[in-house]
Amino acid sequence: MSFLYTLLTHDCRSAAEAVGLDPAVGFLHRDRPGRPSLALDLIEELRPVLADRLALSLINRRQLGPTDFETREGGAVMLTDDARRTLLTAWQERKREERVHPFLGEKAPLGLVPYLQAQMLSRHLRGDLDAYPPWFWK
């Protein structure tokens, strides 16, 4: 799950930068040097569906299992190379799935949602929107 969170954080950080927001200045997460606090804020509403659900689906469909993880010295648990390929392929497929954006009313691939939400936040902060429209999953 932490690998999926890292992928999602990277997407949210890139989205924040793309719309002119500083990914290090957040609202929910404390500012610390090197921490992308705003990106971590953005993943909160996206994490359950994009990362958590994907991880559970891979396990439930038996695409990943106990043999796909290695325990290293010091207790670290890592994905095998084959498992990482499986996960990255599933991640890219998940990002291609489309959903209707509840605020815009248009279909958008899930991979574009971090950008759309960063754009909505940017518009709210600049006064173009009265409130930040969160992404509601149905």
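Starting from 1, residues in each chain are numbered consecutively following that chain's sequence as written. Two thresholds apply to this predicted model, a pLDDT of at least 70 for residue-level local features and 80 or more for giving and counting side-chain atom pairs, whereas whole-chain, interface and lining totals are computed over all residues. Excluding hydrogens and water, the side-chain values take into account all heavy atoms of the structure.

Undergrad: What exactly am I supposed to notice about the layout of surface pockets here?
TA: Any empty space left between atoms is shown by rolling a water-sized probe over those atoms. With a 1 Å grid spanning the protein atoms alone, the term cavity applies to any set of points in which a 1.4 Å probe fits but cannot get out, the term pocket to an open set with protein on both sides within 12 Å along at least five of seven lines, and the term lining residue to any residue with an atom within 4 Å of a point. Grid points are joined across faces, edges and corners, and a volume is the space filled by probe spheres set on the points. Each pocket or cavity is described by its volume, and for the largest pocket that value is around 280 Å³. Along its surface, the largest pocket is lined by 14 residues, and Met1, Phe3, Phe69, Leu79 and Leu87 are the ones closest to its centre. Counting residues per element, the ones that place at least two in the lining of the largest pocket are α1 (2-18), α2 (37-60), β2 (77-79) and α3 (81-96). Charged residues are taken to be Asp, Glu, Lys and Arg, nonpolar residues to be Ala, Val, Leu, Ile, Met, Phe, Trp, Tyr, Cys and Pro, and polar residues to be all remaining types, Gly included. Of the residues in the lining of the largest pocket, the class split is 12 nonpolar, 1 polar and 1 charged. Taken as a whole, the second largest pocket spans an internal volume of roughly 170 Å³. As for the second largest pocket, its lining consists of Phe27, Leu28, Leu38, Asp41, Leu42, Glu44, Glu45, Leu121, Leu125 and Tyr132. Here a strand is any run of E in DSSP of at least two residues, a helix any run of H or I of at least four, and the numbering for each starts at the N terminus. Broken down by secondary-structure element, the contributors of at least two residues to the lining of the second largest pocket are α2 and α4 (113-125). Here the lining of the second largest pocket takes 5 residues from α2, the largest share from any one element. Split by residue class, the lining of the second largest pocket holds 7 nonpolar, no polar and 3 charged.

Undergrad: Sorry, what's going on with the pattern of salt bridges here?
TA: Where charged atoms of side chains with opposite charge meet at close range, the side chains can pair. The salt bridge criterion pairs a side-chain nitrogen of Lys or Arg with a carboxyl oxygen of Asp or Glu, the two atoms within 4 Å. Scanning the entire structure with this criterion turns up 8 salt bridges. With a closest N to O distance of 3.0 Å, Asp11 and Lys95 form a salt bridge. You can see Asp11 sitting in helix α1 and its partner Lys95 sitting in helix α3, a full 84 residues away along the chain. Measuring nitrogen to oxygen at the nearest pair gives 3.8 Å for the salt bridge that ties Glu97 to Arg99. For Glu97, a relative accessible area of 32% gives the class partly exposed. Take Arg99: its relative accessible area is 31%, and that puts it in the partly exposed class. A network of salt bridges, in which partner residues are shared, links Arg94, Glu97 and Arg99. Here's how the labels work: a residue is buried when its accessible area is under 20% of the maximum for its type, exposed when over 50%, partly exposed in between, all with a 1.4 Å probe on protein chains only.

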